[in-house]
Amino acid sequence: MKFIPFLKPNIVKKEAYLKYLAQIDEARLYSNFGPLNSIFEKRVLSEYFNDLGAITTINNATTALILAISVTKRPDAKYALMPSFTFAATPLAAMWCGLKPYFIDIHQDNWCMNEKQVDHALEKLGDQVAVIIPYATFGTWLDLTYYDRLQHSKVPVIIDAAPAFGTSGKNGHLGKEFSGMIVFSLHATKPFGIGEGALVYSNRSEIIAQVRRASNFGFSDGRECLFQGLNGKLSEYSAAIALATLDEFPQKFHKRNTLHKIYCEHFKKNNLFEKGWAMQKTSGKIPYQFISVLGPKKISNLDIVRYLKDNSIQSRTYFSPPCHQQRIFIDYPRTSMRETEKVSQGIVSLPLWEDMPAEDIVRVVSTLRKMEE
Ligand SMILES: *Cc1c(COP(=O)(O)O)cnc(C)c1O
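On a predicted model such as this, the values are computed, not experimentally measured, just so you know.

Participant: Just to check I follow, could you spell out the side chain of Gln 151 for this structure?
Facilitator: Position of Gln 151 among the secondary structure elements: in helix H6 (residues 145-152). Residue classification places Gln 151 among the buried positions, given a relative accessible area of 12%. In terms of polar contacts, Gln 151 uses its side chain to reach the backbone amide nitrogen of Val 157, at 2.9 Å. If sequence neighbours within four positions are ignored, Gln 151 has contacts with Pro 156, Val 157, Ser 179, Gly 180 and Arg 204.

So this is what it looks like as C-alpha coordinates:
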(Lines give C-alpha, C1' and ligand atoms only; values in the text may rest on other atoms or scores of the structure.)
Protein backbone atom coordinates (compact mmCIF):
# COMPACT_ATOMS: atom_id res chain seq x y z
CA MET A 1 0.00 0.00 0.00
CA LYS A 2 1.32 3.43 -0.92
CA PHE A 3 2.38 5.49 2.11
CA ILE A 4 0.44 8.74 2.60
CA PRO A 5 2.55 11.22 4.64
CA PHE A 6 0.94 13.76 6.96
CA LEU A 7 2.67 16.76 5.36
CA LYS A 8 4.89 17.17 2.33
CA PRO A 9 6.02 20.80 2.50
CA ASN A 10 6.40 22.31 -0.94
CA ILE A 11 8.44 25.50 -0.79
CA VAL A 12 8.88 27.38 -4.09
CA LYS A 13 11.58 25.90 -6.33
CA LYS A 14 14.93 27.62 -6.85
CA GLU A 15 14.02 28.66 -10.41
CA ALA A 16 11.34 30.91 -8.91
CA TYR A 17 13.78 32.85 -6.71
CA LEU A 18 17.03 32.83 -8.71
CA LYS A 19 16.22 36.32 -10.00
CA TYR A 20 15.91 37.56 -6.42
CA LEU A 21 19.17 35.85 -5.38
CA ALA A 22 20.91 37.67 -8.26
CA GLN A 23 19.70 40.95 -6.74
CA ILE A 24 21.35 40.00 -3.42
CA ASP A 25 24.67 39.32 -5.17
CA GLU A 26 24.36 42.68 -6.91
CA ALA A 27 23.38 44.75 -3.83
CA ARG A 28 25.74 42.92 -1.41
CA LEU A 29 23.24 43.48 1.39
CA TYR A 30 22.41 40.27 3.25
CA SER A 31 20.28 41.26 6.25
CA ASN A 32 19.40 44.32 8.41
CA PHE A 33 16.12 45.15 6.62
CA GLY A 34 17.70 44.96 3.16
CA PRO A 35 16.04 45.83 -0.15
CA LEU A 36 14.30 42.46 -0.72
CA ASN A 37 12.92 42.50 2.82
CA SER A 38 11.54 46.02 2.20
CA ILE A 39 9.91 45.00 -1.08
CA PHE A 40 8.37 41.94 0.61
CA GLU A 41 6.90 44.01 3.47
CA LYS A 42 5.56 46.66 1.06
CA ARG A 43 3.96 44.04 -1.18
CA VAL A 44 2.31 42.17 1.72
CA LEU A 45 0.93 45.42 3.13
CA SER A 46 -0.50 46.51 -0.21
CA GLU A 47 -1.66 43.10 -1.56
CA TYR A 48 -3.20 41.78 1.69
CA PHE A 49 -3.88 44.78 4.00
CA ASN A 50 -4.92 47.58 1.59
CA ASP A 51 -1.91 49.64 2.71
CA LEU A 52 -3.56 50.17 6.10
CA GLY A 53 -1.27 49.94 9.13
CA ALA A 54 2.25 48.51 9.14
CA ILE A 55 4.11 45.22 8.99
CA THR A 56 7.54 43.95 10.00
CA THR A 57 9.30 40.67 9.28
CA ILE A 58 10.89 38.57 12.06
CA ASN A 59 13.06 35.44 11.81
CA ASN A 60 10.35 33.13 13.22
CA ALA A 61 6.95 33.42 14.92
CA THR A 62 8.19 32.37 18.37
CA THR A 63 10.64 35.30 18.40
CA ALA A 64 7.87 37.50 16.95
CA LEU A 65 5.58 36.57 19.87
CA ILE A 66 8.37 37.25 22.39
CA LEU A 67 9.09 40.68 20.88
CA ALA A 68 5.41 41.61 20.50
CA ILE A 69 4.72 40.64 24.14
CA SER A 70 7.83 42.41 25.32
CA VAL A 71 7.02 45.81 23.72
CA THR A 72 3.31 45.82 24.63
CA LYS A 73 2.86 44.03 28.00
CA ARG A 74 1.55 46.13 30.87
CA PRO A 75 4.40 46.90 33.25
CA ASP A 76 4.16 45.22 36.68
CA ALA A 77 1.42 42.82 35.58
CA LYS A 78 2.13 39.09 35.66
CA TYR A 79 -0.30 37.00 33.61
CA ALA A 80 -0.54 36.22 29.88
CA LEU A 81 -4.05 34.94 29.12
CA MET A 82 -4.12 32.32 26.36
CA PRO A 83 -5.85 29.10 25.38
CA SER A 84 -4.33 25.81 26.53
CA PHE A 85 -5.36 24.35 23.17
CA THR A 86 -2.43 25.86 21.26
CA PHE A 87 1.19 25.24 20.37
CA ALA A 88 3.78 25.37 23.18
CA ALA A 89 5.50 28.37 21.51
CA THR A 90 2.85 30.73 22.95
CA PRO A 91 3.21 29.95 26.69
CA LEU A 92 6.98 29.68 26.19
CA ALA A 93 7.08 33.16 24.63
CA ALA A 94 5.19 34.55 27.65
CA MET A 95 7.65 32.87 30.02
CA TRP A 96 10.64 34.34 28.13
CA CYS A 97 9.04 37.74 28.84
CA GLY A 98 8.85 36.99 32.57
CA LEU A 99 5.10 36.34 32.55
CA LYS A 100 3.00 33.43 33.80
CA PRO A 101 0.69 31.75 31.30
CA TYR A 102 -2.95 31.69 32.47
CA PHE A 103 -4.82 29.09 30.45
CA ILE A 104 -8.40 29.61 29.29
CA ASP A 105 -10.85 27.06 27.87
CA ILE A 106 -12.04 27.03 24.23
CA HIS A 107 -15.40 27.07 22.48
CA GLN A 108 -16.66 23.59 21.69
CA ASP A 109 -17.22 24.27 17.96
CA ASN A 110 -14.43 26.49 16.56
CA TRP A 111 -11.84 25.52 19.21
CA CYS A 112 -10.82 29.17 19.76
CA MET A 113 -10.47 30.80 23.21
CA ASN A 114 -13.81 31.41 24.95
CA GLU A 115 -14.32 35.20 25.23
CA LYS A 116 -16.77 34.86 28.16
CA GLN A 117 -14.07 33.12 30.16
CA VAL A 118 -11.59 35.82 29.14
CA ASP A 119 -14.04 38.35 30.61
CA HIS A 120 -14.30 36.37 33.86
CA ALA A 121 -10.51 36.12 34.12
CA LEU A 122 -10.19 39.87 33.50
CA GLU A 123 -12.68 40.56 36.29
CA LYS A 124 -10.86 38.26 38.65
CA LEU A 125 -7.28 39.27 37.83
CA GLY A 126 -7.77 42.97 36.99
CA ASP A 127 -4.47 44.85 36.65
CA GLN A 128 -2.47 41.64 36.93
CA VAL A 129 -3.25 40.79 33.28
CA ALA A 130 -0.22 41.83 31.23
CA VAL A 131 -1.38 40.66 27.80
CA ILE A 132 -3.97 38.46 26.07
CA ILE A 133 -2.87 36.05 23.32
CA PRO A 134 -5.80 34.40 21.47
CA TYR A 135 -5.09 31.80 18.80
CA ALA A 136 -6.76 31.72 15.37
CA THR A 137 -7.01 27.95 15.74
CA PHE A 138 -5.62 26.03 12.76
CA GLY A 139 -5.84 29.18 10.64
CA THR A 140 -9.54 29.94 11.01
CA TRP A 141 -10.85 33.47 10.47
CA LEU A 142 -11.79 35.17 13.76
CA ASP A 143 -14.05 38.15 14.38
CA LEU A 144 -11.71 40.45 16.30
CA THR A 145 -14.32 43.03 17.44
CA TYR A 146 -14.16 41.83 21.05
CA TYR A 147 -10.34 41.88 21.15
CA ASP A 148 -10.20 45.26 19.40
CA ARG A 149 -12.38 46.62 22.20
CA LEU A 150 -10.07 45.14 24.85
CA GLN A 151 -7.05 46.67 23.12
CA HIS A 152 -8.80 50.08 23.16
CA SER A 153 -9.55 49.61 26.87
CA LYS A 154 -5.76 49.28 27.40
CA VAL A 155 -5.44 45.50 27.71
CA PRO A 156 -2.84 44.61 25.05
CA VAL A 157 -3.88 41.81 22.65
CA ILE A 158 -1.60 39.79 20.37
CA ILE A 159 -3.27 37.31 18.05
CA ASP A 160 -1.29 34.13 17.38
CA ALA A 161 -2.31 33.54 13.77
CA ALA A 162 0.72 31.35 13.03
CA PRO A 163 -0.83 29.22 10.25
CA ALA A 164 -3.29 31.90 9.05
CA PHE A 165 -1.42 34.05 6.55
CA GLY A 166 -3.87 34.27 3.62
CA THR A 167 -7.04 33.68 5.66
CA SER A 168 -9.78 36.20 4.92
CA GLY A 169 -13.29 36.90 6.15
CA LYS A 170 -15.98 39.47 5.61
CA ASN A 171 -13.69 42.52 6.04
CA GLY A 172 -10.75 41.15 4.10
CA HIS A 173 -7.55 39.60 5.46
CA LEU A 174 -7.55 38.29 9.04
CA GLY A 175 -6.32 41.08 11.31
CA LYS A 176 -6.69 43.89 8.79
CA GLU A 177 -7.03 47.17 10.76
CA PHE A 178 -6.64 45.35 14.09
CA SER A 179 -5.39 47.75 16.77
CA GLY A 180 -3.51 45.06 18.71
CA MET A 181 -0.87 42.97 16.95
CA ILE A 182 -1.20 39.81 14.89
CA VAL A 183 1.61 37.33 14.25
CA PHE A 184 1.92 35.00 11.23
CA SER A 185 4.52 32.23 10.87
CA LEU A 186 6.31 31.51 7.59
CA HIS A 187 7.72 28.19 8.85
CA ALA A 188 8.13 25.45 6.22
CA THR A 189 5.09 23.53 7.51
CA LYS A 190 2.74 26.52 7.35
CA PRO A 191 0.71 27.36 4.21
CA PHE A 192 2.95 30.36 3.43
CA GLY A 193 6.12 28.39 4.13
CA ILE A 194 9.56 29.81 3.32
CA GLY A 195 11.70 27.79 5.79
CA GLU A 196 11.80 30.06 8.85
CA GLY A 197 10.21 33.49 9.14
CA ALA A 198 7.30 35.53 10.48
CA LEU A 199 5.28 38.71 10.02
CA VAL A 200 3.82 41.03 12.65
CA TYR A 201 1.00 43.38 11.59
CA SER A 202 -0.97 46.15 13.34
CA ASN A 203 -2.96 49.15 12.23
CA ARG A 204 -0.79 51.13 14.69
CA SER A 205 2.45 51.85 12.83
CA GLU A 206 4.18 53.05 16.00
CA ILE A 207 3.86 49.67 17.76
CA ILE A 208 5.21 47.86 14.68
CA ALA A 209 8.15 50.31 14.65
CA GLN A 210 8.81 49.26 18.27
CA VAL A 211 8.77 45.54 17.40
CA ARG A 212 11.12 46.26 14.50
CA ARG A 213 13.55 48.07 16.80
CA ALA A 214 13.24 45.23 19.30
CA SER A 215 14.25 42.78 16.54
CA ASN A 216 17.44 44.83 16.00
CA PHE A 217 18.81 44.84 19.59
CA GLY A 218 16.47 47.66 20.68
CA PHE A 219 18.78 50.13 18.90
CA SER A 220 17.88 53.77 18.29
CA ASP A 221 18.74 55.31 14.90
CA GLY A 222 22.04 56.30 16.50
CA ARG A 223 22.67 52.68 17.56
CA GLU A 224 22.16 53.37 21.22
CA CYS A 225 20.48 50.43 22.94
CA LEU A 226 17.16 51.88 24.16
CA PHE A 227 15.41 48.79 25.54
CA GLN A 228 15.75 45.02 25.77
CA GLY A 229 15.85 43.68 22.21
CA LEU A 230 17.53 40.80 20.44
CA ASN A 231 18.48 39.78 16.92
CA GLY A 232 15.23 38.68 15.27
CA LYS A 233 15.85 39.88 11.71
CA LEU A 234 15.00 38.00 8.52
CA SER A 235 17.93 37.43 6.14
CA GLU A 236 17.75 38.64 2.53
CA TYR A 237 17.93 34.99 1.37
CA SER A 238 14.72 34.25 3.26
CA ALA A 239 13.19 37.44 1.84
CA ALA A 240 14.06 36.18 -1.68
CA ILE A 241 12.11 32.96 -1.04
CA ALA A 242 9.31 35.00 0.56
CA LEU A 243 8.98 37.18 -2.56
CA ALA A 244 8.84 34.12 -4.83
CA THR A 245 6.23 32.60 -2.48
CA LEU A 246 4.14 35.77 -2.72
CA ASP A 247 4.18 35.35 -6.53
CA GLU A 248 2.82 31.78 -6.28
CA PHE A 249 0.63 32.06 -3.19
CA PRO A 250 -2.76 32.43 -4.95
CA GLN A 251 -2.23 29.00 -6.59
CA LYS A 252 -1.02 27.45 -3.32
CA PHE A 253 -4.03 28.89 -1.51
CA HIS A 254 -6.43 27.51 -4.11
CA LYS A 255 -4.95 23.99 -3.90
CA ARG A 256 -5.21 23.86 -0.11
CA ASN A 257 -8.71 25.26 -0.07
CA THR A 258 -9.85 22.77 -2.74
CA LEU A 259 -8.35 19.77 -0.88
CA HIS A 260 -10.32 20.79 2.22
CA LYS A 261 -13.52 20.86 0.14
CA ILE A 262 -12.78 17.34 -1.17
CA TYR A 263 -12.30 16.10 2.41
CA CYS A 264 -15.66 17.64 3.42
CA GLU A 265 -17.47 16.04 0.45
CA HIS A 266 -16.08 12.61 1.25
CA PHE A 267 -16.84 12.91 4.96
CA LYS A 268 -20.46 13.58 3.92
CA LYS A 269 -20.55 10.84 1.28
CA ASN A 270 -19.29 8.27 3.79
CA ASN A 271 -21.80 9.43 6.45
CA LEU A 272 -19.01 10.04 8.92
CA PHE A 273 -20.84 12.96 10.57
CA GLU A 274 -23.82 10.69 11.32
CA LYS A 275 -21.38 8.20 12.82
CA GLY A 276 -20.15 10.73 15.37
CA TRP A 277 -17.20 12.33 13.54
CA ALA A 278 -16.93 16.14 13.58
CA MET A 279 -14.82 18.77 11.86
CA GLN A 280 -13.65 22.08 13.31
CA LYS A 281 -16.25 24.79 12.64
CA THR A 282 -14.13 27.28 10.72
CA SER A 283 -15.15 30.52 9.04
CA GLY A 284 -13.71 32.61 6.22
CA LYS A 285 -11.54 31.44 3.33
CA ILE A 286 -8.59 29.47 4.67
CA PRO A 287 -5.39 28.03 3.12
CA TYR A 288 -5.72 24.87 5.27
CA GLN A 289 -2.48 23.57 6.80
CA PHE A 290 -4.02 20.12 7.47
CA ILE A 291 -7.49 18.74 8.30
CA SER A 292 -8.54 18.66 11.96
CA VAL A 293 -11.34 16.27 12.95
CA LEU A 294 -12.78 14.74 16.11
CA GLY A 295 -13.37 11.01 16.19
CA PRO A 296 -16.52 9.48 17.71
CA LYS A 297 -16.61 9.70 21.53
CA LYS A 298 -16.14 5.96 22.03
CA ILE A 299 -12.81 5.84 20.13
CA SER A 300 -9.57 7.32 21.48
CA ASN A 301 -7.61 9.46 19.04
CA LEU A 302 -4.48 7.38 19.66
CA ASP A 303 -6.37 4.31 18.41
CA ILE A 304 -7.32 6.21 15.26
CA VAL A 305 -3.71 7.28 14.66
CA ARG A 306 -2.54 3.69 15.18
CA TYR A 307 -5.21 2.30 12.86
CA LEU A 308 -4.31 4.82 10.13
CA LYS A 309 -0.63 3.95 10.56
CA ASP A 310 -1.44 0.25 10.08
CA ASN A 311 -3.01 1.35 6.80
CA SER A 312 0.10 3.34 5.73
CA ILE A 313 -1.46 6.71 6.51
CA GLN A 314 0.41 9.16 8.72
CA SER A 315 -1.60 11.44 11.01
CA ARG A 316 -0.99 13.62 14.09
CA THR A 317 -2.88 14.72 17.21
CA TYR A 318 -2.45 18.53 17.40
CA PHE A 319 -2.80 19.65 20.25
CA SER A 320 -2.88 16.61 22.43
CA PRO A 321 -1.82 16.85 25.21
CA PRO A 322 -2.93 20.49 25.47
CA CYS A 323 -0.46 22.93 27.11
CA HIS A 324 -1.89 22.73 30.65
CA GLN A 325 -1.10 18.99 30.72
CA GLN A 326 2.53 19.36 29.60
CA ARG A 327 5.14 19.13 32.33
CA ILE A 328 6.59 22.64 32.14
CA PHE A 329 3.15 24.32 32.17
CA ILE A 330 1.28 22.04 34.57
CA ASP A 331 1.44 24.33 37.63
CA TYR A 332 0.21 27.50 35.93
CA PRO A 333 -3.28 28.77 36.77
CA ARG A 334 -6.20 27.97 34.50
CA THR A 335 -9.96 27.95 34.11
CA SER A 336 -11.97 24.73 33.87
CA MET A 337 -10.69 22.84 30.80
CA ARG A 338 -13.86 20.93 29.93
CA GLU A 339 -13.94 21.65 26.19
CA THR A 340 -10.15 21.66 25.78
CA GLU A 341 -9.92 18.18 27.29
CA LYS A 342 -12.81 16.85 25.19
CA VAL A 343 -11.31 18.18 21.97
CA SER A 344 -7.76 17.10 22.75
CA GLN A 345 -8.93 13.55 23.53
CA GLY A 346 -10.68 13.22 20.18
CA ILE A 347 -8.49 15.30 17.89
CA VAL A 348 -6.89 13.78 14.80
CA SER A 349 -5.00 15.88 12.23
CA LEU A 350 -5.30 14.33 8.77
CA PRO A 351 -2.84 14.63 5.85
CA LEU A 352 -2.87 17.59 3.49
CA TRP A 353 -0.22 18.79 1.07
CA GLU A 354 -0.48 20.90 -2.04
CA ASP A 355 0.01 18.18 -4.66
CA MET A 356 -1.99 15.54 -2.74
CA PRO A 357 -4.05 13.55 -5.25
CA ALA A 358 -7.81 13.42 -4.62
CA GLU A 359 -7.60 9.60 -4.59
CA ASP A 360 -5.42 9.78 -1.46
CA ILE A 361 -8.17 11.75 0.28
CA VAL A 362 -10.71 9.13 -0.81
CA ARG A 363 -8.47 6.48 0.73
CA VAL A 364 -7.97 8.36 4.03
CA VAL A 365 -11.71 8.92 4.47
CA SER A 366 -12.78 5.41 3.46
CA THR A 367 -10.16 3.97 5.83
CA LEU A 368 -11.79 5.95 8.66
CA ARG A 369 -15.19 4.62 7.62
CA LYS A 370 -13.92 1.03 7.65
CA MET A 371 -12.58 1.51 11.16
CA GLU A 372 -16.18 2.05 12.23
CA GLU A 373 -17.35 -1.22 10.66
C1 LIG B 1 3.92 27.18 14.17
C2 LIG B 1 3.30 27.84 15.30
C3 LIG B 1 4.01 28.74 16.12
C4 LIG B 1 5.50 28.96 16.00
O5 LIG B 1 5.91 29.42 14.76
P6 LIG B 1 7.46 29.39 14.38
O7 LIG B 1 7.57 30.31 13.20
O8 LIG B 1 7.79 27.96 14.04
O9 LIG B 1 8.25 29.87 15.55
C10 LIG B 1 3.35 29.39 17.15
N11 LIG B 1 2.05 29.16 17.38
C12 LIG B 1 1.33 28.30 16.64
C13 LIG B 1 -0.11 28.10 16.94
C14 LIG B 1 1.92 27.61 15.58
O15 LIG B 1 1.18 26.75 14.86
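Participant: It is not clear to me how the domain arrangement of the protein should be interpreted in this structure. Could you clarify?
Facilitator: For an interface, size is often stated in terms of accessible area lost upon the parts coming together. With domains assigned, the protein is organised as domain 1 (14-245) and domain 2 (249-372). When each unit is reduced to the centre of its C-alpha atoms, the spacing between domain 1 and domain 2 is 26 Å. Facing the 39 residues of domain 1 at the interface are 40 residues of domain 2. Contact with domain 2 buries surface across domain 1, with Phe 103, Trp 111 and Phe 138 losing the most and accounting together for 21% of the total. Where domain 1 packs against domain 2, one counts 1 salt bridge. With a closest N to O distance of 3.7 Å, Lys 281 and Asp 109 form a salt bridge. At the junction of domain 1 and domain 2, the tally comes to 17 residue pairs in polar contact (both at pLDDT 80 or more). Mapped onto the side of domain 1 that touches domain 2, the elements with two or more residues apiece are helix H4 (89-96), strand E3 (100-104) and strand E6 (168-169). The element that contributes the greatest number of residues to the side of domain 1 that touches domain 2 is E3, accounting for 5 residues.

Participant: Honestly, the nonpolar core in this entry has me stumped. Any pointers?
Facilitator: The tendency in soluble globular proteins is for nonpolar side chains to be buried side by side. The biggest cluster of nonpolar side chains holds 56 residues, and the ones touching the most others in it are Leu 81, Val 118, Ile 132 and Tyr 147. The biggest single contributor to this core is helix H8 (residues 236-269), with 9 residues. The residues contacting Ile 132, other than those within four sequence positions of it, are Leu 81, Met 113, Val 118, Leu 122, Tyr 147, Leu 150, Val 155, Pro 156, Val 157 and Ile 158. Membership of the second largest hydrophobic core comes to 35 residues, among which are Ala 61, Leu 65, Ile 69 and Met 181.

Participant: Just checking my understanding: could you explain the site of the ligand for this structure?
Facilitator: The local shell around the ligand consists of Asn 60, Ala 61, Thr 62, Thr 86, Phe 87, Ala 89, Tyr 135, Asp 160, Ala 162, Ser 185, His 187 and Lys 190. In this structure, a nitrogen atom belonging to the ligand sits 2.8 Å away from a side-chain N or O atom of Asp 160. Within the contact set of the ligand, an oxygen atom lies 2.7 Å away from a side-chain nitrogen or oxygen of Ser 185. Within the shell around the ligand, the residues separate by chemical class into 5 nonpolar, 5 polar and 2 charged.

Participant: Would you take a moment to explain unusual backbone geometry for this structure?
Facilitator: Glycine aside, negative phi is the norm for most residues, and most peptide bonds take the trans geometry. The step from Tyr 318 to Phe 319 runs through a cis peptide bond, and the omega angle for that step is -5°. Inspection of the secondary structure puts Phe 319 in the loop between helix H9 (301-310) and helix H10 (338-346). Residue Pro 321 is bonded to the preceding Ser 320 through a cis peptide linkage, with omega at 0°. Following the sequence through the fold, Pro 321 ends up in the loop between H9 and H10. Of note in the backbone geometry, Phe 217 takes a positive phi value of approximately 65° without being a glycine. Relative to the helices and strands, Phe 217 is located in the loop between helix H7 (205-214) and H8. Residue Phe 217 is classed as partly exposed on the basis of its relative accessible area, which comes to 34%. A positive phi angle, close to 60°, is found at Arg 223, a residue other than glycine. A relative accessible area of 57% means that Arg 223 is categorised as exposed.

Participant: What should I look at first to understand the sheet that holds strand E4 (residues 129-132) in this one?
Facilitator: Hydrogen bonds along the backbone pair up the strands of a sheet, which may run parallel or antiparallel. Spatial ordering of the open sheet is given by E3-E2-E4, a layout of 3 strands whose pairing is parallel. Strand pairing shows two members of the sheet lacking a second neighbour, E3 and E4, which therefore form its edges. Neighbouring strand axes in the sheet, compared pairwise and without regard to direction, differ in orientation by 35° on average. Of the strands in this sheet, strand E2 (79-83) and E3 are in contact with H4, which crosses E2 at around 175°.

Participant: Whenever I open this one, helix H5 (residues 115-125) confuses me. Can you help?
Facilitator: Think of an α-helix as 3.6 residues a turn; residues three or four steps apart then line up on the same face. Within H5, the full set of buried residues consists of Gln 117, Val 118, Ala 121, Leu 122 and Leu 125. Angularly, the buried residues of H5 cover 145° about the axis, an arc narrow enough to put them on a single face. In H5, the exposed residues that point more than 90 degrees away from the buried face are Lys 116, His 120, Glu 123 and Lys 124. In this structure, the buried side of H5 is in contact with E2, E3, E4 and H6.

About the criteria used
- Residues numbered from 1 in each chain as written.
- Predicted model: local features only at pLDDT ≥ 70, side-chain atom pairs only at ≥ 80, totals over all residues.
- Heavy atoms only, no water.
- Helix = DSSP H or I, 4+ residues; strand = E, 2+ residues; numbered from the N terminus.
- Buried < 20%, exposed > 50% of the residue type's maximum accessible area, 1.4 Å probe, protein only.
- Polar contact = N/O pair within 3.5 Å; in protein donor to acceptor, adjacent residues only side chain to side chain.
- Contact = heavy atoms within 4.5 Å.
- Domains from an automatic or database assignment.
- Buried area = accessible area lost by both parts, 1.4 Å probe.
- Salt bridge = Lys/Arg side-chain N within 4 Å of Asp/Glu carboxyl O.
- Core = buried A, V, L, I, M, F, W, Y, C linked by side-chain atoms within 4.5 Å.
- Near = heavy atom within 4 Å.
- Nonpolar A, V, L, I, M, F, W, Y, C, P; charged D, E, K, R; others polar.
- Pairing = 2+ DSSP bridges.
- Axes fitted to C-alpha atoms, helices over the stretch in contact; angles between N-to-C directions.
- Arc of directions from axis to C-beta.

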